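Residue-level listing of the chains:
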Amino acid sequence: MINSKINYMDEAAELSLVNIKNRKEITKKFVDYFVKNNFKRIQFVGSGSSYNIAKNASYFVQKVLNIPVSVNWAFTFLNYDIDYVEDDTLVVLCSQGGFSTNTVGAARKLTQRRKKCIAFCKFTDTPLKDEVKLLIDYNFTAGDLRQTKGFVMSSLFIMLCGLEAAYATKKIDDEQYAKYVEELTLAAKKLPEVKKVSEDFYAKNDELLKSIDRLMVIGCGPNYGIAMEGALKYEETYGSHADPFEMEELIHGKLCEVTKNSTIFFTDSASSATHERLVEIYNVLFDICDRIIILTDSDDIKGKYVLKIDDDKISEEVAVIYQAVPFQYFTYKTCQDTMVEAHSRERV
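Residues numbered from 1 in each chain as written. Predicted model: local features only at pLDDT ≥ 70, side-chain atom pairs only at ≥ 80, totals over all residues. Heavy atoms only, no water.

Caption draft 1: Local environment of the packing of helix α3 (residues 49–65) against helix α6 (residues 148–168). In the contact formed by α3 and α6, the axes pass within 9 Å of each other and the chain directions differ by 20°. With respect to α6, the axis of α3 lies roughly parallel. For the pair α3 and α6, the sense of crossing is right-handed. Between α3, through Asn 52, Ile 53, Ala 54, Asn 56, Ala 57, Phe 60, Val 61, Val 64 and Leu 65, and α6, the contact on the second element is made entirely by Gly 150, Phe 151, Ser 154, Ser 155, Ile 158, Met 159, Gly 162, Leu 163, Ala 165 and Ala 166. Looking at the contact of α3 with α6, its residues break down into 13 nonpolar, six polar and no charged. (Axes fitted to C-alpha atoms, helices over the stretch in contact; angles between N-to-C directions. Helix = DSSP H or I, 4+ residues; strand = E, 2+ residues; numbered from the N terminus. Parallel < 35°, antiparallel > 145°, perpendicular 65-115°, else oblique. Left-handed = near helix turned anticlockwise from the far one by under 90°. Contact = heavy atoms within 4.5 Å. Nonpolar A, V, L, I, M, F, W, Y, C, P; charged D, E, K, R; others polar.)

Dropping the structure here:
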């Protein structure tokens, strides 16, 4: 797993551009189904990284289609929310392998109740295919147990589906469509840049990153999926205690947990609706600890641990394509250099 993460990161950078180029072909099944049924809202359902992927893409899909888009955990959806799905709602079950018990169970119950549901999956020959009317593969190469490539490629695929459906239903015009394609392409091209910034940051700050024991990953709105995936990667690879927090909720009680030994990780976009508030919270936290890392394209952010990338005016809904890269690279290098992984840590 560790030795192939870098290769998966490089593959994502290459394949993302290919998928953007082939977007109409690879999203056709979704677009045809969406247009035919005239859906008024979308409900994504998933677990683990599949939930995080849907969360990561949901704000972009909501923006371009101009309809409500929500994301539920599969177990919660199956046991509490499934009875309240409206007839004009498209339920999209997200999975990587297609074997998740709760996701498959949700698909089965929805089909029994004649609700419209489809699935996104990395593989098409899975138990999930027998429970939905339509299973669509994410359209990227096999491998990647920890969803390094998968997180980027799956998020992008969902976003492309949303974009093409919006264009087909005339929610956006030719000019808007062209601008979104250009922006998605620019974001995909930033993947190598963010990886290089992450490499340089690690080389300079490896002792900080190797000493992470308690990590708090902060997000809000579009990049909350990044916070969730970043925390998950630290827990399932390096085995450190990591949690995602919504930015403003951090100061409602959770702030009491922060000590000088805590590590806090922000991802930021200068275009974000919450950027100014993020700068305020970021600066105040230095009164408690100085182990604060931030990925940003803004010149407003100052500090010792800033991963600064070029400001290419990419919207916060699109910037999520590349914002997971530091977490992927840091966990890879930390595990490699310390020879510690989550499964090898002693549990007391």
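Caption draft 2: Looking closely at the sheet that holds strand β8 (residues 263–267). Read from one edge of the open sheet, five strands run β7-β6-β8-β9-β10, paired in parallel fashion. Both edges of this open sheet fall to β7 (241–246) and β10 (306–308), since each of them pairs with a single strand only. Pairs of neighbouring strands in the sheet enclose a mean axial angle of 15°, with direction left out of account. Looking at chain direction, strand β9 (residues 292–296) and β10 are connected through three bridges and run parallel. (Pairing = 2+ DSSP bridges.)

Caption draft 3: Summary view of the sheet that holds strand β1 (residues 41–46). Strand order in this open sheet of five strands is β2-β1-β3-β4-β5, and the pairing throughout is parallel. The outermost strands of the open sheet, each flanked by one partner alone, are β2 (69–73) and β5 (134–137). Recorded for the sheet is a direction-independent mean angle of 25° between the axes of neighbouring strands. Note: strand β3 (residues 89–94) against strand β4 (residues 117–121), four bridges, orientation parallel. Looking at the pairing, Val 91 lines up with Cys 117 of β4. On the sheet, helix α5 (residues 101–112) packs against β1, β3 and β4 and is oriented at approximately 150° with respect to β3.

Caption draft 4: The arrangement of unusual backbone geometry in detail. Even without being glycine, Asn 66 reaches a positive phi, approximately 55°. Looking at the element boundaries, Asn 66 is found in the loop between α3 and β2. One non-glycine residue, Lys 170, adopts positive backbone phi at about 65°. Summarising the element assignment, Lys 170 is placed in the loop between α6 and α7 (174–210). The class for Lys 170 is exposed, based on a relative accessible area of 73%. (Buried < 20%, exposed > 50% of the residue type's maximum accessible area, 1.4 Å probe, protein only.)

Caption draft 5: How the structure looks around helix α4 (residues 74–81). Ala 74, Phe 77 and Leu 78 are the residues of α4 that are buried. Summarising the axial view, the buried residues of α4 lie within an arc of 95°, below the 170-degree limit, and thus occupy one face. Residues of α4 that are exposed and point more than 90 degrees away from the buried face comprise Phe 75 and Tyr 80. In this fold, the buried residues of α4 make contact with β1, β2, β3 and α5. (Arc of directions from axis to C-beta.)

Caption draft 6: Structural context of the pairing of β7. Bridge count between strand β6 (residues 214–219) and β7: six bridges; the pairing is parallel. Following the sheet pairing, Arg 214 is matched in β7 by His 241. What joins β6 to β7 is helix α8 (residues 224–238), and the crossover it makes is right-handed. (Right-handed = clockwise from strand over helix to strand, strands pointing away.)

Caption draft 7: Seen up close, the packing of α7 against helix α11 (residues 325–338). Running from amino to carboxyl end, α7 crosses α11 at an angle of 45°, the nearest separation of the two axes being 9 Å. By the criterion of interaxial angle, the relationship of α7 to α11 is oblique. Our pair here, α7 against α11, has a crossing hand that is right-handed. Contacts between α7 and α11 pair Leu 191, Val 194, Lys 195, Ser 198, Glu 199, Phe 201, Tyr 202, Leu 209 and Lys 210 from the former with Val 325, Pro 326, Tyr 329, Phe 330, Lys 333, Thr 334, Asp 337 and Thr 338 from the latter. Taken together, the residues that form the contact of α7 with α11 break down as nine nonpolar, three polar and five charged.

Caption draft 8: Broad picture of the nonpolar core. By size, the foremost hydrophobic cluster in this structure holds 88 residues, and its most contacted members are Phe 30, Phe 44, Phe 120 and Leu 184. With 13 residues, the single largest contributor to this core is α7. If near-sequence neighbours (up to four positions away) are discounted, Leu 184 is found in contact with Ile 20, Phe 60, Leu 156, Met 159, Leu 160, Leu 163, Val 318 and Ile 321. (Core = buried A, V, L, I, M, F, W, Y, C linked by side-chain atoms within 4.5 Å.)

Caption draft 9: Quick look at the packing of aromatic side chains. Counting across every chain of the model gives 20 aromatic pairs. Ring centres 5.6 Å apart and planes at 35° place the aromatic pair Phe 201 and Phe 330 in the tilted group. Taken together, the positions of Phe 201 in helix α7 and Phe 330 in helix α11 put the pair 129 residues apart, joining distant regions of the chain. Each member of the pair Phe 201 and Phe 330 is classed as buried. Between Tyr 329 and Tyr 332, the ring centres sit 5.9 Å apart and the planes meet at 55°, which makes this aromatic pair tilted. Taken together, the residues span about one helical turn, with Tyr 329 and Tyr 332 both in helix α11 at a distance of three residues. The exposure classification of Tyr 329 matches that of Tyr 332, with both residues buried. A connected cluster of aromatic rings, assembled from ring pairs, spans Phe 201, Tyr 202, Phe 265, Tyr 305, Phe 327, Tyr 329, Phe 330 and Tyr 332. (Phe/Tyr/Trp six-rings, centres within 6.5 Å; stacked < 30°, edge-to-face > 60°.)

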